[in-house]
Amino acid sequence: MRTSQLLIPTLRHPPGEADIISHRLMTRAGMIRKVAAGIYTYLPLGLRVLKKIECIIRQEMNRAGAQELLMPILAPADLWRETGRWDFYGKELLRCQDRHARDFCFGPTHEEVITDLFRREIRSYRQLPLNCYQIQTKFRDEIRPRFGLMRGREFIMKDAYSFDADEAGARRSYQKMYTAYERIFTRCGLTFRAVEADNGLIGGSMSHEFMVLSETGEETIVYDERSAYAANVEQAAVPPPSDEDHAALLPLETVHTPGAHTVQEVCASLRVAPARLVKTLLYQTPAQEIIAVLIRGDHEANTTKLNRFCGTEGITLAQKDVVSNLSLAPVGFIGPIGLTGIRIVADHAVKAMRNFVVGGNKTDTHLIHANWGRDFAVEAFLDLRQARAGDPSPKSDSRLQEAKGIEVGHVFLLGTKYSEAMQATFLDASGHERAAVMGCYGIGVSRTAAAAVEQNHDDKGMRWPVPIAPFHIHLLPVTASENVLTTAGMVYDALTGAGMEVLWDDRDERAGVKFNDADLIGAPFHLLIGDKGLAQGIVEFKRRDTGDVVNLPPNEVLPHVQSLLAAYDLPNV
Ligand code: ATP
Ligand code: MG
């Protein structure tokens, strides 16, 4: 295709609000344009990348035995009421009414709609297993849409749903999707890791997230090089500490700690290490219950684990006014001693401590030599803290390491949560009615494109992995001489005739402008045709990733590119 015939509005400078590299570069390269917060238009180059990712996904989903369908974006509220999610999903669910004042939502995910289809159409175990997928625009009214395509409100997702006759079958379906996801992200040219994850709002019993490893990732993962263990920190179990402090219990003492609100300030004021302090964090459940959580000073609380313990979603730190309504001390001085009327739970690490520092429930006051059991009661000691680098691995005797990741895919074993709520049943071989065992599997198509850029760029622009690049070859005539243009035309015809995707920069621009745009757009191979080279019978073939240049006679370009592309399983779009 010719540049002059494509809308590629490149920009020299990114818009001010573009906050991460993929957002900046995709905007500058004229691939996307923001319409409203978290809502984008995909321009021709951006759309080509999305189509390629979709094509790879389709091929691998079909290969794994899933079949494509397309559900509506709008879903009637009644279906969502059946599973309770109409109320539970909260503000992320964008709702609307039709002219008859009937409630609908813009689907953020489609368990309800597909389960409704299942219960209407499937009768017998002979029709199972069934796995259906779609690639579709989703809407989630994210509280903080940001990072361009990474966290949009409207975005493209592949979502698949499997139905099996029993748990063993569901696990097989899950494993097939897991394998398909590994193939998809490998074919997209991404460096990724599958990690154990929390099931969260969607429910069910097992899940893995596929993380593209990148410093700009919003997720933190921990892994252990020795075993295959890798998990989202939200999920990673922390075993109780193996060594306990057995020191004799010292008498409790009150100490004056003026203005010391934070762990650091208290530790500096008392000259103790953060590991000698226990912080008391007050959390509020969606049902407005307040719960006190005790965590060692140098550890972080994990709200996912806390939610799981409380059987809730969306537990948050209690607001300041809630804390003062309980007539407790200001934040920073709260402690477990004398805290009445609320539940107190503690992380395992606190159980191993003796004679520690706690807040004194009074302004500018802490207590030293506090001890659980003697000075206050703890309802339960649990795993409530975030795993971190250096913690022992739960699967081997080595230590955990940390990395940042972008969640591009998520597979869940759902069990019968939705099929039971919606009576999606079938008759088994002995004629008994049973609820189908489900799995669901998502891939953020638009997020995957952005993640690829986070992982593949330099200070000049993007460096698309070959299989998902908008074009394979960027053809760059350096001058507008007849010789150059004739050769460019010949090479273009030869390459496109052999099925290669060529972007021909036919604009009347200086070579420098063309080179800058080509580096920005990031096709994997650049072909520079100039008078000087042609005088010696050669054109320059440059790899965008390494910058390596080879000089080739024009008629050798095609076999050269063919041999390079032969290494890839390219999508057909
Ligand atoms: P996150 O924790 O990032 O909000 P999620 O757990 O809500 O993701 P899922 O419900 O599992 O995501 O959705 C499936 C996939 O859709 C995710 O793995 C991700 O790749 C993609 N996705 C989810 N939310 C967004 C969004 N706001 N913008 C773009 N892609 C998204
Ligand atoms: Mg989300």
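For the structure itself, consult the block above.
Thresholds applied
- Residues numbered from 1 in each chain as written.
- Chains lettered and ligands numbered in written order.
- Predicted model: local features only at pLDDT ≥ 70, side-chain atom pairs only at ≥ 80, totals over all residues.
- Heavy atoms only, no water.
- Helix = DSSP H or I, 4+ residues; strand = E, 2+ residues; numbered from the N terminus.
- Buried < 20%, exposed > 50% of the residue type's maximum accessible area, 1.4 Å probe, protein only.
- Areas by Shrake-Rupley, 256 points an atom, 1.4 Å probe, with all protein chains shown as cover.
- Pairing = 2+ DSSP bridges.
- Axes fitted to C-alpha atoms, helices over the stretch in contact; angles between N-to-C directions.
- Contact = heavy atoms within 4.5 Å.
- Salt bridge = Lys/Arg side-chain N within 4 Å of Asp/Glu carboxyl O.
- Near = heavy atom within 4 Å.
- Polar contact = N/O pair within 3.5 Å; in protein donor to acceptor, adjacent residues only side chain to side chain.
- Nonpolar A, V, L, I, M, F, W, Y, C, P; charged D, E, K, R; others polar.

S.K.: I tried to follow the overall build of the protein on my own but got confused; where do I start?
M.R.: Of regular secondary structure, the protein possesses 16 helices and 31 strands. Judged by the C-alpha coordinates and their principal axes, the protein covers about 95 × 70 × 55 Å. For the protein, with 573 residues in total, the buried portion stands at 54%. By element, 51% of the accessible surface of the protein is carried by carbon and sulfur atoms, the whole surface being about 25500 Å².

S.K.: Would you mind showing me how to read the sheet that holds strand S30 (residues 539–543) here?
M.R.: Sheet strands line up and pair through hydrogen bonds in the backbone, either parallel or antiparallel. The strand order S28-S27-S29-S30-S31 describes an open sheet built from 5 strands, whose pairing is mixed. Both edges of this open sheet fall to strand S28 (502–504) and strand S31 (549–552), since each of them pairs with a single strand only. Sheet twist, expressed as the average angle between the axes of neighbouring strands with direction ignored, equals 20°. Pairing of strand S27 (residues 473–477) with strand S29 (residues 525–529), which is carried by 5 bridges, proceeds in the parallel orientation. In the strand pairing of S29, His-474 is matched with His-526. Sitting on the sheet, helix H13 (residues 482–497) touches S27, S28 and S29, and the angle it makes with S28 is about 160°.

S.K.: Could you clarify how one ought to interpret unusual backbone geometry in this entry?
M.R.: The bulk of non-glycine residues show a negative phi, and the bulk of peptide bonds are trans. Backbone torsion omega between Leu-128 and Pro-129 reads 0°, so that peptide bond is classified as cis. The phi torsion at Gln-288 lies on the positive side, around 75°, for a residue other than glycine. Tracing the backbone through its elements, the reader meets Gln-288 in the loop between strand S14 (278–284) and strand S15 (290–296). For Gln-288, a relative accessible area of 54% translates into the label exposed. If you check the backbone angles, Gln-423 has positive phi at about 50° while not being a glycine. Secondary-structure assignment places Gln-423 in the loop between helix H11 (417–421) and strand S22 (425–427).

S.K.: Even after reading the chapter, I still don't get the sheet that holds strand S13 (residues 253–256), so can you show me in this structure?
M.R.: Spatial ordering of the open sheet is given by S13-S19-S18, a layout of 3 strands whose pairing is antiparallel. Single-partner strands in this sheet number two, and they are S13 and strand S18 (356–359). Between one strand axis and the next, the sheet turns by 35° as a mean value, whatever way the strands run. For S13 and strand S19 (residues 365–370), the ladder comprises 4 bridges, and the chain directions are antiparallel. Considered in S19, the bridge of Thr-254 is made with Leu-367.

S.K.: It is not clear to me how the pattern of salt bridges should be interpreted in this structure. Could you clarify?
M.R.: Two side chains bearing opposite charge may form a pair once their charged atoms approach each other closely. Tallied over the entire structure, the rule returns 41 salt bridges. Salt-bridge contacts for Lys-51 lead to Glu-54; the nearest nitrogen and oxygen are separated by 3.9 Å. In this pair, Lys-51 and Glu-54 are both assigned in helix H2 (residues 44–63), 3 residues apart and thus about one turn of the helix distant. Lys-51 sits in the partly exposed class, given a relative accessible area of 40%.

S.K.: Please clarify how the site of ligand 1 should be interpreted in this entry.
M.R.: Around ligand 1, a shell composed of 16 residues is seen, among which Arg-140, Glu-142, Arg-151, Gly-152 and Glu-407 lie nearest. In the model, a nitrogen atom of ligand 1 is placed 3.4 Å from a nitrogen or oxygen of the Met-150 main chain. At a separation of 2.6 Å, an oxygen atom of ligand 1 approaches a polar side-chain atom of Glu-407. For the shell around ligand 1, the secondary structure elements donating two or more residues are strand S8 (154–164) and strand S21 (401–415). By residue number, the principal contributor to the shell around ligand 1 is S21, which donates 5 residues. In terms of residue class, the shell around ligand 1 is made up of 6 nonpolar, 4 polar and 6 charged.

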